[in-house]
Each structure stands twice: as C-alpha cells, then as structure tokens.
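Commentary on secondary and tertiary structure
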Amino acid sequence: MEVAEVEAEVEKKATATRSRLIVRLAALLVSHSTLVSVVCCLAGLIALLVLPLLAKNTYISENALLPGSANPVLSYQHVTQANNLIMDIMSIADVKEAPDIEIPKLIAKYMEILGAETYHHKFSQPQNQFHPLYFFSSSPNSPPTLANLSYGTSTVGIIRAPRGDGKEAIVLVSPYNTQNAGGIDASASASSIGLAFSVFSLLSRATWLAKDIIWVASDSRFGDHTSVSAWLNDYHNPNFIGDASSNRIFKRAGTMACGIVFKVVEKERREKYEDRDVVTMYAEASNGQMPNLDLLNVVHYLAVHRQGIRVRIGMFGGLVKSHLVRVLGEVMQQVGRFARSLNPDWRFEMPSSEYVEGTATLASSIYSQALGVPTGPHGAFRDYQVDAVTLELSPRFSLKNEHTRLAFLLKGGRLIEGTVRSVNNLLEKFHQSFFLYFLTAPNKFVSVGVYMIPFAFLVAPLPIIAASLFNLTSNRNPWRWLHTAKPLLITHTWSVVVTLLPFYISKISDLPSTHCMLTWAGGSLMALVILYIVFGSPYSKHVEWRLLKAVMIASVSIGLCLMSIINFATAQIGALFVVPMCLFALPIRVKTNNSLIRSMVMTCNLVMAVLGFPVTAVALMQGVIKGFGTVSILEFWDSMKFLWGWNSATYLYLVLVHLPCWLLFLHILFHPCH
C-alpha cells in the first residue's frame, strides 16, 4: 500500500511539473507573439517552396495488383475488328442524317455479337441553376422543359465474369459526341469507341475474369461528365416508383470496384513529345477528392514500362517559363548540394530544371484540387466512393493512316487490358495506398503528412496572436470581448445574404453576366447598409480594435480548420491570403513611436485590403495561371457560377470565410481608436 501511495505521489508531481511547463511555454509564446508569428510565417512559406524536394517516388502498396505480371493477350485480330467498327461509325457520320440514333444502334449491335447484355440509357441535360439546398448533394436531373427537349443516349454493355459471383464490376467508359460525328475530331472520337471495343472483345472471351465488365459508350453531347453522372445516378438509385418498364430495361452488375475513363484526342505535339505516344492522367474529383494512388501507379507502370507510352499530368506552363521559379530552382539545387555535403543521407539535391517542372506540376495539382471541380468524367465516380481515373490518349502520328491507327489501338488497348487485369486481382477495395496527396510528377507525390506542414506553420500563430491581444485588454474588463459580438454578427449575417443572393439573381432570365455581377455587388452593398442601420455602427466606444482583431483571428482559424477537412487545397491557398490580413491588421489612426515602421505597416495593410478582396484574389490567382492579359474582374460572376454549378465548397469558403475576414479587416483598418 505504501509503494502504491509513493508511486501515485510521484505521478502527481510529474503531472504538475508537466502542467507548469506547458503553462510557461504558452506564456512565453504569447509574450513573444510577434516574433513567433514572423518565424512561423517564414517557416510556412519556406516549407511550401521545398515541397517539390520532399516528394517521394510512387510505389504500389497493394501486392495483389501485380501490374505487368501477365503478358498482354490483345492482338491485331481484336484491333482489326475494332477498326471495322471505327470505319462503320465514320461511314454513318458521313452518310446518315441522324447519327445520334444510328451510332448507338451500331455500337449495341457490335456488343451483342460478343454476347454482351446491352441496353440504351437515355438522359437529358440538367438545369445548371444555383440552389443552396443542393450543395454537397447530387440533385437529380431535372426534366427537360420546352426549351430543352433534346436527349442523349448512351449505350451500355455488360459481360458477366465466368469466375465471378456478380457482386463486383469494373466500368470502362468511352465518351463519344454524336453531335460532332462528322466534325474535326470525328476520327479521334470514333477511335475512342474502337479502343474500348477492342478491349471489350478480348474480355468477352477471357476465362480469368472474376469481376463483371461494364462498358459505357457515353454520349457526350452535353459534356463528358453529364452522361456518366446521369448513368451512375440511375445505376445507384433505381427508380421503382416511375416507369417500371424502363427500370427493367436498365441492367446492373455488382458493386463498382473501379472506373476507367479513356478517350483518344489528337493534339499538336511539342517537339520533345514527338518521339512517343502520350497518355495524360486526370485524377482530381469534386472538392479535392482523389482516387487511391495505387490506381495511378498501375497506369503509370504499365504505360511506361510495358507499352513505352509517355505519361503526363497537369502542369502550369507559365511557371515553367517564370524567371523567379528558375531562380528558386537554382537556389534549391545549391541548398540540396550543401545539405548533402553535411550529411550524405540527406538526399535533397534536385536539378533546377526538375524543381521547376515539379513546382509547376505541384501548383497545378493544388489549384485543380482547390477549385473543387472534376477534371474529367471520373469525378462522377468519386461521388459514389468509386476510385476512377480519366486517361486521355494522344497518338504520335495521325489516326487517318490505318496502319498507325492499328498500332496505336494495340498499344492503348494493352494498357487498358493490363489495368483491368490488375484491378481484377483485387479481393477488396483500394485501401492500401494514399487518398490524400499532391502530385509533382507522374511518378512523384507529396503525402498528407508532408504537405500539412506549411499549413500548420501558417495557422499556428493565429491562436497565439489572439491570446496575446486578449491579454492586453482583459486586465480592465475580461468580458469586454462580448462587445465585439455585434460587428461579428453583422459581418457573418451579411456573408450569408451574399451567399444566397445568386439564387434569386439566377432566376432572372436573359441577364448578361456583367449585369448579374453588378446586381450581386449592388444587392450585397445594400444588404450591408441595411444591417448597419438595424444593428447600429460597428464602431462604438466599447469595441476595441484589439479585441475585434482577436475575434476575427479566432473566426478565421475556425473557418480555415473546417475548410482543411473539406478541401485541404482550398484552405492552403486561402491561408496565404487571410493569414497576413489577420497578423498585420492595424488601424490607420493608431499611434506608434516609429513612423517608418508605421508607414510600412500601413502600406502593407492598404495593399492587403485590395489584394484580399475576394474578387481581386480570384482574379490574381487566375492571372498567375492563365496570364493577366486574359483576366477581367467582371468575369467573377462566371467564375462563381462555375463553382456553384459543380457544388464546389470553394464558393462557400470565399463567401463565408474569406469575405467576412476581409470586411473585419476593413473594420480594424478604419477603426477610430477611441
């Protein structure tokens, strides 16, 4: 009993010691909040710049995938049959008056020859109208109106696996635009169908299949994503109340293990890409969702090491040509050499050219995820938690030559065949590899444990600064911070009104985008004035600017942390704008001993007041990416309409987090300092 009491006493003292150390550390950080803020912000920016150096080579985590373990079986016989289908499609496009009817019939006929179960899926173009109740949910396609009587028709074929139990399926999607059957890209579109048919023909006779195969020849007259999304919605949500006959016609297979979307696109090749065929991978889905990294790794391995196809992903070409990024590349190369000279195990050295390309690719990956909009039809699969990827295959030579077309179909078909073989080996869903990552190259990635470091450094000073400001005013009256509730309530109520205004503006038909933008701005300004009249001025003798700044920092911290859960890339980019506003916010009338420092801070505040405005911030981001010559502030309405049309959470962040932060920043900037 005495031993137990001694141990309890020792543990109690140790706990008290740890508590005192934590309190002293917190007090030290708060007392030196300015220094901590500067150090953390610099560390966050440096950590963001060195992310390309910290990227790892991709690797396949799931051993069951076994990519390339079996020799491809797809032969010239399969691609020759596919070429016959291509020629038939081209002839229909040239002769028939209704290719949108004849081509689906032709594809279904070829599917039936292989013994597949076939049916046609008819869908209409959804109404792209903002509705706050449909955010983060997939609203069903609205029925066509008198102004929208056109339908699309996708053709679906199903092969039942001889070694399966019908509980799992692999989906192959080949978009094809029947409205452009005789256009410039007709040969490429027909080749997409031919490529899918060659693989489907092989799989119809494969004895090793353990998962059903679904081939969706999707009609992309309303866009590649619309047809796939409509089919997936009907697949996962059968309508037993509606037309019973149509529900019987709609055939289903098992739970989807994977989705592979592929299409052939003829592009003008850059000189350095002319030596090989190219496949471009698109992986970003809604609100920053990504497929399991193993799926991309399988495609990359089979394309590069088995078929000799060059793999590309999104990259910002403007950053590759940027002189500033090139200088950073030279600096990082020297830093890597110095680090390796200190310790050979520190392998941070990277050629400057590789750093530049890695930075341009990383910026593209972050931006594409932050936008919250799918980069291809594969995004529709992620809405149902199905891993999928879009592959855009570009041939080295023209597809008009039959011999080069057959060779290209053989190479592309074997890539799809190998991917299907690997997914067919899985006994469970993708789960071994990463779901949260940024890409710096087709074979390099930055994992979640690494790319969270810059964000953590940027956000870390916010609670410290808030605590420091509260301590400066709490000695007089610890409850004075409650007076800041009024400006905070006004600001966030206004942001909700601004969020909902587009719902009513979009109901006005035939209103140009510029007029919608001006109406939105005028309505928002009027709502703010009304709120000031109802609740009174935010500037009263009880509202101290330090407490207002502390409350602003607290609300922004909550908003950034919540956004990092929904879409981390949006929170990362947003922190680069709002954290400086939170840290440097200072009233113009405040008195300081050093006039030079005061002038510098005021200049920074005025610059941030302009650049921190959401309209300016969005235009700035688009200017860095697309070039400032092509960006206009009046296009902000179209940008926001694009975001809410895809239910992107970035729209909510801009209006509910970024905009209130900017308005509170202005309140602090013009505070009378009683």
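Residues numbered from 1 in each chain as written. Predicted model: local features only at pLDDT ≥ 70, side-chain atom pairs only at ≥ 80, totals over all residues. Heavy atoms only, no water.

The name given to the chain in an unreviewed UniProt entry is GPI transamidase component family protein / Gaa1-like family protein, and the organism recorded there is Rhynchospora pubera.

Before going further, it helps to spend a moment on the overall build of the chain. Within the chain one finds 23 helices and 11 strands. For the chain, buried positions account for 50% of its 674 residues. Within the chain, counting contacts between residues at least 6 apart in sequence, those at least 24 apart form 83% of the total. Split by element, the accessible area of the chain, about 32,100 Å² in all, is 61% carbon and sulfur. (Helix = DSSP H or I, 4+ residues; strand = E, 2+ residues; numbered from the N terminus. Buried < 20%, exposed > 50% of the residue type's maximum accessible area, 1.4 Å probe, protein only. Contact = heavy atoms within 4.5 Å. Areas by Shrake-Rupley, 256 points an atom, 1.4 Å probe, with all protein chains shown as cover.)

Taken in spatial order, the 3 strands of this open sheet run 1-11-10, and their pairing is antiparallel. Looking along the sheet, the strands with just one partner apiece sit at the ends: strand 1 (56–57) and strand 10 (437–441). For strand 1 and strand 11 (residues 444–447), the ladder comprises 2 bridges, and the chain directions are antiparallel. What sits directly across from lysine 56, in strand 11, is phenylalanine 445. This element, helix 11 (residues 352–371), spans strand 10 and strand 11 of the sheet and lies at about 145° to strand 10. (Pairing = 2+ DSSP bridges. Axes fitted to C-alpha atoms, helices over the stretch in contact; angles between N-to-C directions.)

What follows deals with the side chain of serine 220. Along the chain, serine 220 falls in the loop between strand 5 (212–217) and helix 6 (224–236). When its relative accessible area of 9% is taken as the criterion, serine 220 is described as buried. A polar side-chain atom of serine 220 sits 3.3 Å from the main-chain amide nitrogen of asparagine 177. Of the polar contacts made by the side chain of serine 220, one reaches the side chain of aspartate 224; its length is 3.4 Å. The contacts of serine 220, once residues within four sequence positions are left out, are Pro175, Tyr176 and Asn177. (Polar contact = N/O pair within 3.5 Å; in protein donor to acceptor, adjacent residues only side chain to side chain.)

So, on to the environment of lysine 400. Structurally, lysine 400 is set in the loop between strand 9 (388–394) and helix 13 (402–424). Taking the C-alpha atoms as reference, lysine 400 lies 9.3 Å from alanine 188; in sequence the two are 212 residues apart.

Moving on: empty space enclosed by the protein. A full pass over the atoms with the stated rule returns 3 cavities of 30 Å³ or more. Of the voids in this model, the largest cavity is the one considered here, and its volume is about 50 Å³. Along the walls of the largest cavity sit Ile103, Pro104, Ile107, Thr153, Thr155, Tyr176, Thr178, Ile193, Ala217, Ser218 and Asp219, which together make up its complete lining. Those elements that provide at least two residues to the lining of the largest cavity are helix 4 (99–113) and strand 3 (151–159). For the lining of the largest cavity, the leading source of residues is helix 4, giving 3 residues. For the lining of the largest cavity, the class distribution of residues is 6 nonpolar, 4 polar and 1 charged. If you add up the space inside the second largest cavity, you get close to 40 Å³. The wall of the second largest cavity is formed by Val615, Val618, Ala619, Gln622, Ser632, Ile633, Glu635, Phe636 and Ser639. Mapped by element, the contributors of at least two residues to the lining of the second largest cavity are helix 21 (614–626) and helix 22 (636–645). With 4 residues, helix 21 is the largest single contributor of residues to the lining of the second largest cavity. The residue makeup of the lining of the second largest cavity, split by class, is 5 nonpolar, 3 polar and 1 charged. (1 Å grid on protein atoms, 1.4 Å probe; cavity = no way out; pocket = protein on both sides within 12 Å on 5 of 7 lines; lining within 4 Å. Points joined across faces, edges and corners; volume = space filled by probe spheres on them. Nonpolar A, V, L, I, M, F, W, Y, C, P; charged D, E, K, R; others polar.)

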